[in-house]
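Residue-level listing of the chains:
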Amino acid sequence: MITALLLALAPFVATTLLPQTESVSQEISERIIGLDQIAWQRSLEDALAIAQAENRPLLVAINLDGESSSDRIVPERYSNPEFVAWTRHFVCVIGHPLRHTPRDHDDFGRRIVCPRLGSVTCGEHIALEPQLFDAYLGGERISPRHALILPDGTKAFDLFLLFDMAQLDRALQEAAADAPPSTTEIPWFNVHDDMDTMLDQLAGARASWQRAFFENGWLEDAQSDDILDVVRAVGRVGDAGSVELLRAILQGRTPPSPALLDAIEQAAAAREFSADLGRVLGEILRSPGRFPGSESLADDRVLLPSLARVAGSLPQTRSLLLAQCALAPASDRDAAHAAIERAFSKDEAARIETAVQDAGGPLDLEDVLRLGAEFAGETGAPALRNAVPPDVVHTLDELTHELEEAERELGRDESDPQAVRRFGLANEHLARARIAASGPDVGLLLQDANTWLARAASALPDDELLAIERARNAYLLSKFDEQARIAVELLARVRARCAHEDHDDAVLARWPQWGSGAATGRDEAERAAVLATDGVALEALRWLGDAEGRRLGADADDPARAAANFARGARALAYACANRGAGDVDYQSLASYLNVIGMTRGSLATLRAGLERFPESGVLRDLLRDELLQHGRVRVLVDTSDWLAARFPESAACAWYAGYAHYLAAEWARRGEDEVAALAAYASASGRFRASLDLQPGFAESAGHYLAACELGRGFAYRLANRRQDAADCLARALALRPAIGDARDGLDREAVDLVDAVLEWTAAGPSRVNTTAFADQLVRAVPGATRWLLAIADSALREGLRADGRTGVRVPLPEGIRIAGGPEEMDEPTELGDAWLMEAIDVARRALAVSDDETTRHYLAQSLTVQAERELVRKRTYVAKERLDEAS
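Conventions used here
Residues numbered from 1 in each chain as written. Predicted model: local features only at pLDDT ≥ 70, side-chain atom pairs only at ≥ 80, totals over all residues. Heavy atoms only, no water. Pairing = 2+ DSSP bridges. Helix = DSSP H or I, 4+ residues; strand = E, 2+ residues; numbered from the N terminus. Axes fitted to C-alpha atoms, helices over the stretch in contact; angles between N-to-C directions. Buried < 20%, exposed > 50% of the residue type's maximum accessible area, 1.4 Å probe, protein only. 1 Å grid on protein atoms, 1.4 Å probe; cavity = no way out; pocket = protein on both sides within 12 Å on 5 of 7 lines; lining within 4 Å. Points joined across faces, edges and corners; volume = space filled by probe spheres on them.

If you had to explain the sheet that holds strand β2 (residues 91–95) to someone new, which residues and values would you point to?
Taken in spatial order, the 4 strands make up an open sheet running β2-β1-β3-β4, and their pairing is mixed. Of all the strands in the sheet, just β2 and β4 (155–160) have a single pairing partner and so form its edges. For this sheet, the mean inter-axis angle between neighbouring strands, taken without regard to orientation, is 10°. The pairing of strand β3 (residues 145–149) with β4 spans 5 bridges and is antiparallel.

Structure representation (structure tokens):
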């Protein structure tokens, strides 16, 4: 058993250690953390527990993207072996408010560690950022920042706004000398004959590398004979952090067995982190799943009863379970019913299922969506019958006049149903126009309309257009129960007069080829087909679905009614999508409805079906993007967009959207500091944007912007690879393509001027090899007559000159003549490299002045001349300094 355990942990334990290993300590921790990786802790709770147990100081760090020092400290310090060795004497936590990976866990529940910082997920360092500020830092949010908190709570140092990171190096080195020995030198666990004892040591450890060691040993075989022992160890000594291990087991390649699920629930209850387990279960069940676009929960369906038992009293859990009961596909319904019985009493579960059946039964969404696709693809189909005429636009004066005329007609005979109808509609139409114009007395007009339209309806029960207007009026008055009732009554009347067309029968005859295969799905398709060619039915379905959407949450105290409303609302919106007159907004409405109630997979299935029918729809594309990015599925967005572009090769819009998806993927690759993937994605994006231009020259504005943005993004990616000349070339091409790109910020909040600095700045790899003058020439050719880029280069060169002086660490006194009262008395000693940078700053600023003699260009040149003059005065080169100052003044 011991050997089996160590073999399970083989990725971290050398096989040569198996026969004689009595402790796993420094060697194993270094293999997990890495010699060049700071061991950041996953939570403040973990860090404080370790610090208290080992009497060790707490190192608090803050980092942020896009700020030069923050960006440089990660590769130059956090990955430097000497710097890392100093941090081993402390318990380290880091806060960072931005995300570098789209999500924190993969499809199998495995942690995706932040590629920028390591050890922690992005979600963890995002959560830590406000906690660390509140607990230890306070004040303005400055990055990078590092503070050392001693075991007694005092702050040894709090360093930020450092001109040179050597000051941080010295502080860490001195503090490390006074701290206890490194934690990696302390034995962690011992091999015992008693497996439970050894598992308890593993399950009870709290350091991030120890947790990773324990978790990764079980990921490939979550159903092994030993996994129950692992979970039981968590139940004996685990804590809330153990939920990361349990997530990987829950989402393993093989669905967890009932016995394993029971053990997981018991472990969470015993260690009092059931709420955390419930959160994880909810996240899994609300996720897009391993195959986004499929509405089924697939293997995850076995988790529904566990969610019900662990968090069944929570409103959001009950809502999700009721939605599953009403809307789950046939394959998931048994699990949904089992979950309902766990979350509610058996009697209540029976009442819920009866209510859903009375509302038409669980919705077979797949068959309805495919029916809509079949109708959309047929040729020679019948035209939409009973189409609702569009609103006629009238001015406020015309509508006021109509109301006056309708009132006079009504005054002549209030028993005339047409006069009553006209007066009610006149009130409503004027109210709607005043809503748009923010006019007066809207409420009074709507109430009058409601009264008179109801009176007209009682005399004209077969007037379907009147019923639609009444539903609209109820909506405007927020009378959603009335809106739903009117829509249901209208649908009943429409269904009574509708029958299948020959085209409908032909489509339904092909159901074995396009349908789900479930008998209930066939029945669902037949019911939807009856209404599929009627315009009044389409409007009634829309108003019913809207009413149910607006009533979400109103029936929380009545689970049976809530479940029935879920089924009724989703079915109405789905049938609207199947209608021959459906538009992209119908699919948007259904997808949004499903997303709100936690049916993410059904929502994505709806969007996929909608885009097959309306591939150029902006509202569906935006909603798909937002939903997928919310769940960190950038790759799915790319694949879906490419699929649609291939399916509709003549569509410029499809090519453009594919380019945009690759552009977003490129930005995520840059966030993850993967320059290779970023460059490939930008190339793919550019190709697709050019294809959209070839197909439709009218795309020149938007596609042209993104072609320039791709070049700018490629420049930042090349800078990640330290290919600075390539980065400079990309910036020049971007500005030549679209000068306005210089004013745009990308998804990482970077702009072109940031790339100027990145091209020229000194890093730990050494100085930039880009020739400053040649760089200036490039940008002048790219944007003739513009001075802003010359000034940006001059400003960057000035900064690099001062940084070059600062790297020597030598300070010299300021001459009396240039001291300012209360100001510094010393400055960094001027260096030859600093002189070279300053002269380049002056040269480029002079060129800008030659292009445009204005206040801004004069200021930049005068600034560089004055700084260089001060440096000459320090060297006592008064004559040279006077020349500089004469020109400056």
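Let's pick the thread back up.
Could you give an account of unusual backbone geometry, with specific residues and numbers?
Going from serine 143 to proline 144, the amide bond is cis rather than trans, its omega being -5°. Looking at the secondary structure, you find proline 144 in the loop between α6 (122–137) and β3. One non-glycine residue, aspartate 441, lies in the positive phi region at around 60°. Relative to the elements of secondary structure, aspartate 441 occurs in the loop between α20 (417–437) and α21 (442–459). Despite not being glycine, glutamate 673 has its phi angle at roughly 55°, a positive value. In this fold, glutamate 673 is placed in the loop between α33 (652–671) and α34 (675–695).

Please provide a residue-by-residue account of the pairing of β3, values included.
Of all 5 residues that make up β3, 5 are buried, and the element is covered over most of its length. Every second residue of β3 is oriented toward a common face, with Arg145, Ala147 and Ile149 on one face and His146 and Leu148 on the other, all of them buried. Here strand β1 (residues 58–62) runs beside β3; their pairing, made up of 5 bridges, is antiparallel. Each bridged residue has a counterpart across the sheet, and for alanine 61 the counterpart in β3 is histidine 146. The loop that links β3 with its antiparallel partner β4 comprises 5 residues; one of these, glycine 153, has a positive phi angle of about 95°.

So, empty space enclosed by the protein: which residues are in play, and what are the values?
Rolling a probe over the atoms, with the probe sized like a water molecule, indicates the empty space that remains. Enumeration according to the criterion identifies 6 cavities of 30 Å³ or more in this entry. In this structure, the largest cavity spans a volume of roughly 70 Å³. Lining the largest cavity, in full, are Leu202, Ala203, Ala205, Gln210, Arg211, Phe214, Glu215, Val234, Gly241, Ser242 and Leu245. Going through the elements one at a time, α8 (195–204) and α9 (208–216) are the ones with two or more residues in the lining of the largest cavity. For the lining of the largest cavity, the element with the highest residue contribution is α9, accounting for 4 residues.

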